[in-house]
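Listed below, chain by chain, are the residues.
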Amino acid sequence: MDLTVLGSSSKGNCYVLQNRDEALVLECGVPPLFVKKAVGFDISKIAGCLVSHEHGDHAEHVGSFLKCRIPVYMSHGTMKAIEPKGTYLPLLLEAGRKITIGNFTVLPFDVKHDAAEPLGFLIKHPEIGVLLFATDTY
């Protein structure tokens, strides 16, 4: 399992956790073209994308990801703050409710930040064990 950092600043955040067969994207702060390049233009291997909160450096490109038919997951509060439009809508996450995305098990949890309903993620995968993703929190 490899972690590719596509952006980690106020200009845009995005990370791709992937092996040969599948990928999980964290944040939509960069255009999907960057993600497509990171996965060798095989977007079918992208199991989904997690968005922590609505600020532009984390969620600016949600609509573009959805247009590419990449499943995007976020809290209800984040979705309301973004107000995505179009045919495809994000899938909703709830703090404390575990979900499975491909072979990734994700447990969203509440974090503190100046956002509508920000989340951190405890991510489990057979290849890596457990990964904690928490950003813009204290």
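Cut-off values and rules
Residues numbered from 1 in each chain as written. Predicted model: local features only at pLDDT ≥ 70, side-chain atom pairs only at ≥ 80, totals over all residues. Heavy atoms only, no water. Pairing = 2+ DSSP bridges. Helix = DSSP H or I, 4+ residues; strand = E, 2+ residues; numbered from the N terminus. Axes fitted to C-alpha atoms, helices over the stretch in contact; angles between N-to-C directions. Disulfide = S-S within 2.5 Å. Buried < 20%, exposed > 50% of the residue type's maximum accessible area, 1.4 Å probe, protein only.

Participant: So what exactly am I meant to see when it comes to the sheet that holds strand β5 (residues 72-75) here?
Facilitator: By definition, the strands of a sheet pair up through backbone hydrogen bonds, in either a parallel or an antiparallel sense. With mixed pairing, six strands are arranged side by side in an open sheet as β1-β2-β3-β4-β5-β6. What marks the edges here is a single partner per strand, and that holds for β1 (2-9) and β6 (91-93). For this sheet the average axis-to-axis angle between neighbouring strands, irrespective of direction, equals 20°. Relative to strand β2 (residues 12-18), β1 runs antiparallel, the two being bridged by seven bridges. From the neighbouring strand, S8 faces β2, where its bridge partner is N13.

Participant: Teacher, can you tell me more about the state of the cysteines here?
Facilitator: Two cysteines, two sulfur atoms, one covalent bond between them: this is a disulfide. According to the stated counting rule, one finds zero disulfides in the structure shown. Not part of a disulfide, C14 finds its nearest cysteine sulfur in C49, a span of 6.2 Å. For C14, a relative accessible area of 0% corresponds to the buried category.

Bear in mind that shape data such as this cannot, by itself, settle questions of function.
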